[in-house]
Amino acid sequence: MIELAGVTKRYGDMRAVDDVSFSLAAGESLALWGTNGAGKTTLLRCLLGVTRFEGTITVDGISVSGDGKDARRRIGYVPQIVPVFDLRVGEMIQLTARLRGADVRQGLDRLEEFGLGDTVKKPVASLSGGMKQKLALTLALLGDPPILLLDEPTANLDARSQEELIKRLLDLQRQGRTIVFTSHRWDEVRALADKVVVLEQGKCIATGTVDEVADTPGERVGLRVRLAPETIEPAVTLLGSHGFDASRNGHSILITVDGERKAEPLVLLAASSIPVTDFELEEQV
Amino acid sequence: MSRSVLITLAQREISDALRNRWFIAYAGAFVVLSVALALLIDSSAGYSGVSGFGRTSAGLINLVLFLAPLMGLTLGAQALTSERERGTLSYLLAQPVSLFEIFLAKFIGLAIAIGAAIVTGFALATLTISYLSGGKGMDIFLQLTGLTVLLAVVSLSVGYLISSVAHRTSTALGVAVVAWLALVMIGDLGLMGTAIMFKLSPSTLLTVTILNPLESYRIASINLLKDSLELLGPAGLVATDRFGSATGWVLTGILALWTIVPLAIAYLAMSRKEQR
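This is a predicted model, so every value here is computed, not measured.

A count of helices and strands for chain A gives ten helices and 14 strands. Its C-alpha atoms give chain A a radius of gyration of 20 Å, within 12% of the compact-globule value 19 Å for 285 residues. By its C-alpha atoms, chain A is 65 × 40 × 35 Å across when sized along the principal axes. When each of the 285 residues of chain A is scored for burial, the buried share is 52%. For chain A, the proportion of contacts with a sequence separation of at least 24, taken over those separated by at least 6, is 67%. Here chain A displays about 12,600 Å² of accessible surface, and carbon together with sulfur accounts for 48% of that area. Within chain A, the 41 negative side-chain charges are centred at a point lying 6 Å from the centre of the 34 positive side-chain charges.

Written out as structure tokens, the structure reads:
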């Protein structure tokens with residue numbers, strides 16, 4: 001259903017995606033797994049055929065760079081953040097249905113099924129995060145595309161909404177849809193993915209089933225460290241100079257580190273008189 | 001290219017324009033000032049004895065020279081950058097729609113919205129003058145309406161070009177206002193001063209003049225009012241001398257080029273930016 005061969009995306013000298021290849025059969029689900037900046041969203045953009053790249057991607061036998069429009073007809077896309085159209089929910093469904101050549105009624109029925117039947121006349125901007133995500137899924141399913149692409153689908157949801165969305169996605173997969181999603185949450189990957197592609201700095205460093213990837217030697221964890229704002233940049237520099245893969249992530253630093261070395265960044269920061277106000281572990285591969 | 005996609009996106013653009021405070025303010029100002037001008041000119045017609053349409057047209061040209069480019073430039077400048085900033089462009093591109101369809105449909109939608117505002121202003125001025133002074137000179141008035149819509153589309157095209165290369169809406173708007181000021185300032189007076197200072201030959205003066213679409217519009221529209229040739233200015237007189245009866249067509253062609261060339265460059269710039 002989806003075939004990627006030697007996909008590379010460059011921005012100047014930087015390779016955001018570096019020689020990635022994989023294939024996915026109809027009805028399978030695949031997680032693009034990696035930290036921020038690993039190239040997950042860029043790879044989704046390549047799959048949608050909205051950016052130029054080297055290599056080939058075919059969707060249902062159609063080249064996305066040769067006939068992007070036709071390929072996108074087979075793809076429903078759920079962005080991480082639902083864009084702020086100055087429209088009501090019903091108008092948004094109507095707009096997307098007309099662009100996809102789908103029946104508006106189908107969208108309204110799906111909205112009802114998702115428990116959002118009473119929001120048709122509400123502005124999209126007034127919906128909560130969970131409601132927006134359901135709307136995004138409703139829109140993506142217009143025209144019954146066989147493939148769903150989801151960018152960090154649960155990133156902005158509370159625990160209950162996350163669980164609900166994963167259940168819905170599992171239902172859709174059981175109905176035969178092929179699902180590709182990006183994530184940096186292992187629990188989500190384990191619940192939803194048949195296959196995992198692990199990306200690091202644009203490169204595919206591991207691929208296989210969830211269990212195969214989880215058993216890969218040198219298991220790594222994500223360590224999120226909170227610091228005073230003025231110490232974030234010096235801390236990233238310090239950690240980088242000691243060989244740690246550290247990047248700023250909002251008001252904290254995300255460090256990807258071997259599972260057996262997770263205390264080392266904390267020790268290093270303390271020894272350099274950079275106080276850590278809080279930290280948490282994010283399960284990674 | 002899908003006609004239904006073009007219609008859907010153009011309709012969305014028109015309804016977005018009708019919700020845009022800038023558009024409402026421009027359209028409202030244009031309509032009110034057009035009618036006010038018609039009334040004002042009619043009230044002074046007794047002193048001059050010149051027909052209402054001719055005098056109103058001459059008055060409207062000056063109004064149009066300020067308002068139509070400002071409307072087209074600023075609305076065009078917001079068109080693509082605001083879509084990018086709100087994330088709506090990425091969403092549309094993820095649908096079975098091509099970048100060219102989005103680009104063209106937005107332009108058509110905005111051109112229809114701006115054209116409708118101008119036609120409404122002119123139509124109400126026409127009704128006012130017809131009611132007060134009869135319908136003499138109406139054909140010229142209709143031609144002037146068409147020419148004015150073309151000027152607005154030219155401005156929209158230049159605004160679109162600004163929008164395609166700017167990263168932020170605020171930057172695009174700033175550049176659009178500077179472009180508007182430049183086009184208005186490098187008008188007849190500026191050119192006259194330049195011609196005297198640099199001793200420009202008539203052909204050079206004409207070339208420099210028609211490089212400014214506002215001047216092309218001004219000369220073409222005044223040329224319609226045959227009884228007001230003294231208003232043409234030096235470049236206008238050179239143009240009528242050079243092109244004779246084809247002056248209107250030549251200048252309209254130049255305005256058409258001013259629409260097509262910036263639009264083509266804007267598409268190339270947008271395509272490079274979005275697909276990089």
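Let us now look at the overall build of chain B. Across its full length, chain B holds 13 helices and zero strands. Going from N to C terminus, chain B has its helices and strands arranged as α-α-α-α-α-α-α-α-α-α-α-α-α. Put simply, of all contacts in chain B between residues at least 6 apart along the chain, 83% involve residues at least 24 apart. Total accessible area computed for chain B in this model is approximately 12,000 Å², and 71% of it derives from carbon and sulfur atoms.

Residues and elements named next belong to chain A. Within the secondary structure layout, Gln-133 lies in helix H5 (residues 129-140). Overall, the relative accessible area of 5% leaves Gln-133 in the buried class. In contact with Gln-133, not counting residues within four places along its chain, are Val-78, Pro-79, Gln-80, Pro-153, Leu-157 and Leu-165.

Here we come to the interface of chain A and chain B. On the side of chain B, 25 residues touch chain A, which itself brings 25 residues to the contact. For the chain A face of the interface with chain B, the top three residues by lost area are A:Lys69, A:Arg98 and A:Leu99, together amounting to 28%. There are two salt bridges connecting chain A and chain B. Taken together, the links from chain A to chain B amount to ten residue pairs in polar contact (both at pLDDT 80 or more).

Another aspect to go through is the pairing of strand E1 (residues 2-11) of chain A. All names here are of chain A. Bridge analysis of E1 against strand E4 (residues 54-59) gives five bridges, and the strand direction is antiparallel. When the sheet's bridge partners are listed, Glu-3 is paired in E4 with Thr-58. With seven bridges connecting them, E1 and strand E2 (residues 14-24) associate as antiparallel partners. Its bridge partner lying in E2, Leu-4 is registered against Phe-22. If you look at the hairpin formed by E1 and E2, you'll find two residues sitting between the two strands, and Gly-12 has a positive phi there, around 65 degrees.

An α-helical turn contains 3.6 residues, so a residue and the one three or four places further along point in the same direction. Residues and elements named next belong to chain A. With 16 residues, helix H6 (residues 159-174) should reach 22 Å at 1.5 Å per residue; the first-to-last C-alpha distance of 23 Å fits that figure. Summarising the contacts, the buried residues of H6 are in contact with strand E3 (29-33), helix H4 (104-113), H5, strand E7 (147-151), strand E8 (178-183) and helix H7 (186-192). A positive backbone phi angle near 105 degrees is found at Gly-176, which sits one or two residues after H6.

On to the packing of aromatic side chains. Residues and elements named next belong to chain B. Tallying each qualifying case throughout the model produces eight aromatic pairs over all chains. Consider the rings of Phe-100 and Tyr-267, whose centres lie 5.1 Å apart with planes at 80 degrees: the pair is edge-to-face. Note that Phe-100 is positioned in helix H6 (residues 99-133) and Tyr-267 in helix H13 (residues 247-275), a separation of 167 residues in sequence. Relative accessible area serves as the criterion here: at 33%, Phe-100 is assigned to the partly exposed category. Seen in terms of ring centroids, Phe-103 and Tyr-267 are 5.2 Å apart; in terms of plane orientation they differ by 65 degrees. Their pairing is edge-to-face. Residue Phe-103 is found in helix H6, and its partner Tyr-267 is found in helix H13; the two are separated by 164 residues along the sequence. Look at Phe-103 and you get buried, because its relative accessible area is 3%. Pairwise contacts between aromatic rings join Phe-100, Phe-103, Phe-107, Tyr-160 and Tyr-267 into one cluster.

Moving on, we get to the pattern of salt bridges. Counted under the stated rule, the structure contains 26 salt bridges over all chains. A salt bridge links A:Lys203 to A:Asp18; its shortest N-O distance comes to 3.7 Å. With A:Lys203 in strand E10 (residues 203-209) and A:Asp18 in strand E2, the pair connects residues that are 185 residues apart, well separated along the chain. Beyond isolated ion pairs, a larger network of salt bridges with shared partners links A:Asp86, B:Arg12, B:Glu13, B:Asp16, B:Arg19, B:Glu83 and B:Lys106.

Rules behind the numbers
Residues numbered from 1 in each chain as written. Chains lettered and ligands numbered in written order. Predicted model: local features only at pLDDT ≥ 70, side-chain atom pairs only at ≥ 80, totals over all residues. Heavy atoms only, no water. Helix = DSSP H or I, 4+ residues; strand = E, 2+ residues; numbered from the N terminus. Rg over C-alpha atoms; globule rule 2.2 N^0.38 Å. Buried < 20%, exposed > 50% of the residue type's maximum accessible area, 1.4 Å probe, protein only. Contact = heavy atoms within 4.5 Å. Areas by Shrake-Rupley, 256 points an atom, 1.4 Å probe, with all protein chains shown as cover. Lys, Arg positive; Asp, Glu negative; His and termini not counted. Charge placed at Lys NZ, Arg CZ, Asp CG, Glu CD. Buried area = accessible area lost by both parts, 1.4 Å probe. Salt bridge = Lys/Arg side-chain N within 4 Å of Asp/Glu carboxyl O. Polar contact = N/O pair within 3.5 Å; in protein donor to acceptor, adjacent residues only side chain to side chain. Pairing = 2+ DSSP bridges. Expected span 1.5 Å × (residues − 1). Phe/Tyr/Trp six-rings, centres within 6.5 Å; stacked < 30°, edge-to-face > 60°.

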